[in-house]
Amino acid sequence: SWKAQPPYNWQPLAPGKGLGVVTPPLDQDVFIAGPSSVDLYLKSNMKNTDIQVTLTEVRPDGKETYVQNGWLRASHRKLDKKASTPYNPVQTWLKKDGAPLKKRKFNYERIQIFPVAHVFRAGSRIRLNIQAPGGDRTIWNFQTIEKGKTRNTIGLGGVIPSKLVLPVIPGQTAQ
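Residues numbered from 1 in each chain as written. Predicted model: local features only at pLDDT ≥ 70, side-chain atom pairs only at ≥ 80, totals over all residues. Heavy atoms only, no water.

Peer 1: How should the environment of Gly134 be read in this particular structure?
Peer 2: With respect to the helices, strands and loops of the structure, Gly134 is situated in the loop between strand E6 (125–131) and strand E7 (152–155). Assessed through its relative accessible area of 22%, Gly134 is described here as partly exposed. (Helix = DSSP H or I, 4+ residues; strand = E, 2+ residues; numbered from the N terminus. Buried < 20%, exposed > 50% of the residue type's maximum accessible area, 1.4 Å probe, protein only.)

Peer 1: Can you walk me through the sheet that holds strand E3 (residues 50–58) in this structure?
Peer 2: In sheet architecture, strand pairing relies on hydrogen bonds along the backbone and comes in two forms, parallel and antiparallel. Taking strand neighbours across the sheet as the criterion, the four strands line up as E1-E6-E3-E4 in an open arrangement whose pairing is antiparallel. Either end of the sheet is taken by a strand with one partner, and the two such strands are strand E1 (18–22) and strand E4 (64–73). On average, each strand axis in the sheet is inclined to that of its neighbour by 15°, with strand direction left out of account. The pairing of E3 with E4 spans nine bridges and is classified as antiparallel. (Pairing = 2+ DSSP bridges. Axes fitted to C-alpha atoms, helices over the stretch in contact; angles between N-to-C directions.)

Peer 1: Where do I start with the pattern of salt bridges in this structure?
Peer 2: Where charged atoms from two side chains of opposite charge approach closely, those side chains can pair. The final tally for this structure, using the stated rule, is six salt bridges. With its nearest N and O atoms 2.9 Å apart, the salt bridge here joins Asp39 to Arg110. Here the residue Asp39 occupies a position in strand E2 (residues 30–44), and Arg110 occupies one in strand E5 (residues 107–120), the gap between them amounting to 71 residues. An identical accessibility class is assigned to Asp39 and Arg110; each is buried. (Salt bridge = Lys/Arg side-chain N within 4 Å of Asp/Glu carboxyl O.)

Peer 1: Just checking my understanding: could you explain the side chain of Gln131 for this structure?
Peer 2: For Gln131, the location among the structural elements is in strand E6. Those residues in contact with Gln131 that lie beyond four places of it in its chain are Leu13, Lys17, Gly18, Asp50, Ile51 and Gln52. (Contact = heavy atoms within 4.5 Å.)

Peer 1: Any chance you could explain the packing of aromatic side chains here in plain terms?
Peer 2: Geometrically, a pair of aromatic rings is defined through the distance of the ring centres and the angle of the planes. Scanning the entire structure with this criterion turns up two aromatic pairs. Their ring planes at 40° and their centres at 5.2 Å tell us that Tyr41 and Tyr108 sit as a pair that is tilted. Of the two residues, Tyr41 is situated in strand E2 and Tyr108 in strand E5; the sequence distance between them amounts to 67 residues. We classify Tyr108 as partly exposed; its relative accessible area is 39%. Judged by centre distance (5.5 Å) and plane angle (40°), the rings of Trp71 and Phe114 are tilted. (Phe/Tyr/Trp six-rings, centres within 6.5 Å; stacked < 30°, edge-to-face > 60°.)

Peer 1: In this structure, what is going on with the nonpolar core? I would like to understand it.
Peer 2: One recurring pattern in soluble globular proteins is that nonpolar side chains are buried together. If you look at the biggest cluster of nonpolar residues, it comprises 22 residues, and the most contacted ones within it are Ile32, Leu40, Leu42, Val53, Leu55, Phe120 and Ile130. For this core, the secondary-structure elements that each account for two or more residues are E2, E3, E4, E5 and E6. (Core = buried A, V, L, I, M, F, W, Y, C linked by side-chain atoms within 4.5 Å.)

Peer 1: Looking at this structure, I do not really get the pairing of E2. What am I missing?
Peer 2: Remark: a regular strand shows side chains that alternate across the two faces of the sheet. Counting buried residues in E2 gives 12 out of 15 residues, a clear majority hidden from the surface. The sheet contact formed by E2 and E5 spans 12 bridges and is antiparallel. For Ile32, the partnering residue across the bridge sits in E5 and is His118. Of the pairings in the sheet, the one linking E2 to strand E8 (residues 163–165) comprises three bridges and is antiparallel in character.

Encoded structure:
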């Protein structure tokens, strides 16, 4: 993992194994610094599920650059409201706050994408993948509860749609 070019096995999302969304090409550079948040509505056929979100930059030449990941076990979704911000959801991580997902209903989840500083260049697109954790890092130690029988649905519309919240630093560009 610490090599200049680590041996990633980065694969496109397999059909039916995740959700990938990509923006139109950016009109200008977008500089982010800090943690980000993926706020989504999740429905699952299981009482609990693990979710991974991955942020990448898709350049005009089609090459894709990994930017950062975040993970959440859905039952750990309760937020510490005082510590959380629009960019940085902070879960309580208290055993007493753990809760199974509501059956056949969308459950609100906020997943932190770990802090990063990155410039998405004009002409590039921002991609967000949502999937089960695993397999796309050079070292992988996440012990998922996934056994291959989970079916998750992400709500993309409605009164309050799922969204990506980035810590954009206005006026900054790549130089």
